[in-house]
Amino acid sequence: EGDLQCLGEGCMLNDAVVDFFLRLMQRCLANREDVHIFSSHFFTHLRAGGAEDGESGWKNVSRWTKKVDLFAHALLVVPINTDIHWWAAVVQTCGATT
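Report follows, based on the coordinates. (Residues numbered from 1 in each chain as written. Predicted model: local features only at pLDDT ≥ 70, side-chain atom pairs only at ≥ 80, totals over all residues. Heavy atoms only, no water.)

1. A short note on helix H2 (residues 15-28)
Given 3.6 residues per turn, any residue in an α-helix points the same way as the ones three and four places further on. Over its 14 residues, H2 extends 20 Å from the first C-alpha to the last, a length consistent with the 20 Å expected when each residue adds 1.5 Å. Within H2 the residues assigned to the buried category are Val 17, Val 18, Asp 19 and Leu 22. Two to three positions downstream of the cap, the backbone nitrogen of Ala 16 sits 3.2 Å from a side-chain oxygen, assigning the N-cap of H2 to Asn 14. (Helix = DSSP H or I, 4+ residues; strand = E, 2+ residues; numbered from the N terminus. Expected span 1.5 Å × (residues − 1). Buried < 20%, exposed > 50% of the residue type's maximum accessible area, 1.4 Å probe, protein only. Polar contact = N/O pair within 3.5 Å; in protein donor to acceptor, adjacent residues only side chain to side chain.)

2. Describing the sheet that holds strand S1 (residues 35-37)
Taken together, three strands build an open sheet; the order of strands is S1-S2-S3 and the sheet is mixed. The open sheet has two edge strands, S1 and strand S3 (85-92), and neither has a second partner. Each adjacent strand pair in this sheet contributes to an overall mean axis angle of 20 degrees, direction not counted. Sheet topology note: the strand S2 (residues 75-82)/S3 ladder contains eight bridges and is antiparallel. Bridging from a neighbouring strand, Leu 75 pairs with Gln 92 of S3. (Pairing = 2+ DSSP bridges. Axes fitted to C-alpha atoms, helices over the stretch in contact; angles between N-to-C directions.)

3. Observations concerning the pairing of S2
Across three bridges, the pairing between S1 and S2 is parallel. For His 36, the partnering residue across the bridge sits in S2 and is Leu 76. Taking the residues between adjacent antiparallel strands as the criterion, S2 and S3 are bridged by two residues, where Asp 83 takes a positive phi near 55 degrees.

4. Quick notes on the nonpolar core
Formed by Phe 38, Phe 42, Val 61, Leu 70, Leu 76, Val 78 and Ile 80, the largest nonpolar core amounts to seven residues. At three residues, the largest contribution of residues to this core is made by S2. Counting residues in each nonpolar core, the second largest holds six residues, with Val 18, Leu 22, Val 77 and Trp 86 among its members. (Core = buried A, V, L, I, M, F, W, Y, C linked by side-chain atoms within 4.5 Å.)

5. Focus: the environment of Cys 28
Looking at the secondary structure, you find Cys 28 in helix H2. Cys 28 gets classed as exposed once you look at its relative accessible area, which sits at 60%. Spatially, the C-alpha atom of Cys 28 lies 20 Å from that of Asp 15, the residues being 13 residues apart in sequence.

Put into structure tokens, the structure is as follows:
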């Protein structure tokens, strides 16, 4: 019920609603195996513990992609929350295209 309330006018989206939308988006792109969509928590964990660079941040999330070949994907979608704003970074790789 609380998740639905955050859809009201003037309310802020929470991570559960964003993750639901991302799963829905993945289903709509079901025929696009070359797209990988991270969870809404990925970027937060990437930056956790005062990670100051990509290498130290990668240690925080390396297990998240253990079974995923990121470079086999043409697009990577990373949801990012900065204070009160959600946005998505879409990274185009040199990976496969369908």
